[in-house]
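One letter stands for each residue in the lines below.
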Amino acid sequence: MRLLAAAARQPNTPHPLLAALRRLLSTATSSSYDPTAQFLHPDHRRVLSLPASLRHDALLALARLLKISPQCHLALHAVSGGSPSSTPLAARFAAASRLAASASALRPFAAILLAALLPAASADLLSWSSSSSSGCARARYGALRLALHAFLAAGMAAEALHVLARVRRSGNTPSLSALAALLRLLFRGGEVRAAWNVFEEMAARGPRPSLAIFNAMLLGFCHRGMLRLASGLLGVMENKFGVVPDACSYNILTKGHCVFGWSGDAFKLFEEMRTSGREPTVVTYNILVDILCHEGRMEEARMLFDEMEQVGIKANTITFNVLIDGYAKTGRMDEASTAYKEMKVRGLVPDSCTFNILAAGAYKFGHNAAQLLVHDCGMSGSHISAAEGLDVLVCRLCRDGRLDDAWELLHGAIEQGVPVSVAGFNALIATYSKEGLHEAAFQLYRIMNKLGLAPSTHTFNYLLMGLCHQGRLDEAQLVLEHMVSKGYCLSTSFTIYLDASFREGDAVRALKCWDDMEKIGLQPDFIAFSAYVNGLCRLDYVNEAYQAFFEMTTRGLVPNNITYNSIISAFCRAGNMAEALKLQKQMRQSGLVPDVYTSNILIDGLCREGNLNMVDSLLLDMCSNGLIPDTVTYNTIINAYCRAKDMNGAMNFMNKMFAAGCEPDIFTYNIWMHSLCSNHMLNQAGKVLDELAARGCAPNSVTYNTLMDGICSDVLDRAMILTGRLIKMAFQPNTITLNVFLSHFCKQGFGKRALMWAEKLREDSFVFDDATRNIIDWAQREMENDTQASNEDIDRCLFLEFLMFMTYETMHNSRSSKATHVPTDKGFDPAGSNMMTILDTG
């Protein structure tokens, strides 16, 4: 533990949060130590592990045999000691078989020892287990059974099926535990047909499927999204096989319906469970509270949480984590902290998940919940395991943006043999993806696989997010296809890919993604529907968006403010204000309260139509409902009055804005400045520029270009003064600035000068946009007027030449001073960037 703490040390004074976490780590005790791991090769310690429920009996049996049987020493040394060359494989297999035969509690241990030799020794193990010279029928069956469990422990489904067929041919019946493990392995690998064949063979030839077998089948079908098959299997369990479903059976199916967007059916199962006499467990309530929190229905989640105590079910740490997470993700950090305190009052100990939830919420919403939690843990002497403590440290370092420290900590833990978990890897992968370091993220994925840590759905979702944020949708599609083939939960994954397709403006890809969800039996949940509606609205497919919105409500999925705002905004952009206002009323009727964003959207739509009277009415309605207009509200209205040439009305709202204590931003000043320049009120525009400087509000390129456009249209003496002030304020021109000057050359009849400057800019490799090319076409048409200019026109041309020269010099110097720096991912091998190669390693 001291090494782990040292790996996270900082050169400066350590952060108090990290110091507290190190104290927790220094006192943490690992309760997950596997004593049998010492007999495995070091490369396999984190790949293979004896189940915790079997460790105690296996350890006692091994200790007893080591005391009374010298042969046990020899067998153990033969299997786990020496090199393959010094001990032939057949001798190792035979020694493992003797261990398994000496005590039933040692059978799983012997299987683990053999699994450590796989896959290199697969062919030899298959040959040895089926050899007719290996002894009597009982010994042959023992060898086959041992080989079957070894292949299952190593995750080699094809070889396990091969051994299972030999067991059947020998006239023996495989154990239920082996078949349950095989079913789980097949479903995990997406081999649904093979799993069904194993189940059918059990029904026909034995052993008779048990409750554990049925639950394994239910879990497999639910993971693959085959909810109808799972529901049908639940129905025939009792009627055909006489196996009564238990709470676990219902919990599996309830969770499946929640994951795949059928929360309504999940609650129907909950009622069916209670009416059939199966008492819900804390797991049942955790599942349902989680889905309510996931959908943002926090009041209902709290009511269900309170119901638990009324029916005599005690909430556990997971229940509180789910509730705290729901509050934290909706920004209700005070309620999250209250729930945390309630958790402590009930005597429950927060775990690393509790900390990460509160830390993430505090980081996002600026709350002190995370510091309070660490202080409480340190004062109360709460213990977390080494893996949990490592996760906490890695997550906190990632949130602080200290990626090198986080990787050094994780890498040091691996080097020192400290237990690592998927959660720590996921935190770092998520941060790398967010920062656009996808090669580093995929390299971590490869390291996970080498350590034998199975990537979770979250792992792939973080990789998907990274690729989608960079617009690499073809590679993201490969990741998604890989997840489908491996049977991962895909609801969130498809939503990420769907939203990214819409953001890239690729409607065809997005619609295909939506259809693919239906083809694989994935029912869109609330978030998926919201992303679909929002994406269609973003691309102005208003009718299709409204149809999807209607389908969403008919499925019992309640749209939230964000969904309503998206479709209201789409109708406003389409000029259909009547439908937009009708949706606002519908929003109120459904129990939602329109927020400031809703009002701003409607005000913008009315301003676009020039319906300023109704804008005033909506603003009053907004204030009467307790909503405070923000800067966007005032900017929208001021801009509308300016476009209507009503400067008095615009000034009136500027005064209202100041009176309400709403601070104008750069957009407010740009709107006002544009209106003044358009009305040739350059002196007033100069005063606005002074006010900007006095308020410490930095002008942007729009400010400068607006003023430059006004300068070029004004008389020379005032324009020269204002130009000098702009140059002193470190004016940074851009392509739009050049377009302003080129267009004014054309407006004044100096097309030839515009073409000359355009040619100079092209020689210097300046980037032209469509507007620049249109201006050049205009200049070619205006060339004939160049020779007919008066003296006054010539003065203006010289002034424009001066401005153009100053702008060109500024841009040229700025371009030449920029250095090119290509960042590299230190410590990572970019050779892993081939997507199919990376995914195939998993």
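Residues numbered from 1 in each chain as written. Predicted model: local features only at pLDDT ≥ 70, side-chain atom pairs only at ≥ 80, totals over all residues. Heavy atoms only, no water.

A. Layout of the overall build of the chain. Counting its secondary structure elements, the chain contains 46 helices and zero strands. Burial statistics for the chain: of 842 residues in total, 50% are counted as buried. A separation threshold of at least 6 residues defines the contact pool for the chain, and within that pool the share at least 24 residues apart is 65%. (Helix = DSSP H or I, 4+ residues; strand = E, 2+ residues; numbered from the N terminus. Buried < 20%, exposed > 50% of the residue type's maximum accessible area, 1.4 Å probe, protein only. Contact = heavy atoms within 4.5 Å.)

B. Here's a closer look at the pattern of salt bridges. This model, assessed by the stated rule, comprises 27 salt bridges. Residue E238 is joined to R278 by a salt bridge in which the shortest nitrogen-to-oxygen separation is 3.3 Å. Residue E238 is found in helix α13 (residues 227–241), and its partner R278 is found in the loop between α15 (263–275) and α16 (282–294); the two are separated by 40 residues along the sequence. Close ionic contact of D604 with R608 constitutes a salt bridge, the shortest N to O distance being 2.9 Å. Of this pair, D604 and R608 both sit in helix α34 (residues 596–609), separated by four residues, roughly a single helical turn. Exposure remark for D604: the relative accessible area of 28% places this residue in the partly exposed category. (Salt bridge = Lys/Arg side-chain N within 4 Å of Asp/Glu carboxyl O.)

C. Region of the structure containing the nonpolar core. With 193 residues, the main nonpolar core has L125, F151, V420, F425, L428 and I638 as its most contacted residues. If one sorts the elements of this core by residue count, helix α8 (residues 137–153) sits on top with nine residues. In this structure, L428 is in contact with C398, L403, A406, W407, L410 and L444, ignoring residues within four places of it in sequence. Residues C258, L292, F305 and I357 belong to the second largest nonpolar core, which totals 32 residues. (Core = buried A, V, L, I, M, F, W, Y, C linked by side-chain atoms within 4.5 Å.)

D. Layout of the packing of helix α30 (residues 526–538) against helix α32 (residues 561–573). Packing of α30 against α32 leaves a shortest axis separation of 9 Å and a crossing angle of 15 degrees. Put simply, α30 runs roughly parallel to α32. As α30 packs across α32, the resulting crossing turns out to be left-handed. For the pair formed by α30 and α32, the contact residues are F526, S530, V533, N534, C537 and R538 on the first element and T563, S566, I567, A570 and R573 on the second. Here the residues of the contact of α30 with α32 sort into five nonpolar, four polar and two charged. (Axes fitted to C-alpha atoms, helices over the stretch in contact; angles between N-to-C directions. Parallel < 35°, antiparallel > 145°, perpendicular 65-115°, else oblique. Left-handed = near helix turned anticlockwise from the far one by under 90°. Nonpolar A, V, L, I, M, F, W, Y, C, P; charged D, E, K, R; others polar.)

E. Quick peek at empty space enclosed by the protein. Within the structure shown, the criterion is met by two cavities of 30 Å³ or more. A volume near 30 Å³ is recorded for the second largest cavity. The wall of the second largest cavity is formed by Q584, R588, P594, S599, L618, D621, M622, N625 and L627. Every element with two or more residues in the lining of the second largest cavity is listed here: α33 (577–589) and α35 (612–624). Considering each element in turn, the lining of the second largest cavity owes the most residues, three residues, to α35. Of the residues that constitute the lining of the second largest cavity, the class distribution is four nonpolar, three polar and two charged. (1 Å grid on protein atoms, 1.4 Å probe; cavity = no way out; pocket = protein on both sides within 12 Å on 5 of 7 lines; lining within 4 Å. Points joined across faces, edges and corners; volume = space filled by probe spheres on them.)

F. Looking closely at the packing of aromatic side chains. A full pass over the atoms with the stated rule returns 17 aromatic pairs. Between W514 and Y532 the ring centres are 3.8 Å apart and the planes differ by 5 degrees, which places this aromatic pair in the stacked class. A residue pair is termed long-range when its members are at least 10 positions apart, and W514 in helix α29 (residues 507–519) and Y532 in helix α30 qualify at 18 residues. With respect to burial, W514 and Y532 carry one shared label: buried. Through successive ring pairs, a cluster of aromatic residues spans F187, W196, F199, F214, F221 and F241. The ring of F653 has K656 sitting right over it, with the charged end atom 4.5 Å from the ring centre. (Phe/Tyr/Trp six-rings, centres within 6.5 Å; stacked < 30°, edge-to-face > 60°. Lys NZ or Arg CZ within 6 Å of the ring centre and 35° of its normal.)

G. Structural view of the environment of R145. By secondary structure assignment, the location of R145 is in helix α8. A residue is classified by how much of its surface remains accessible, and R145, at 24% relative accessible area, is partly exposed. Between the alpha carbons of R145 and A111 there is a distance of 9.2 Å; along the sequence they are 34 residues apart.

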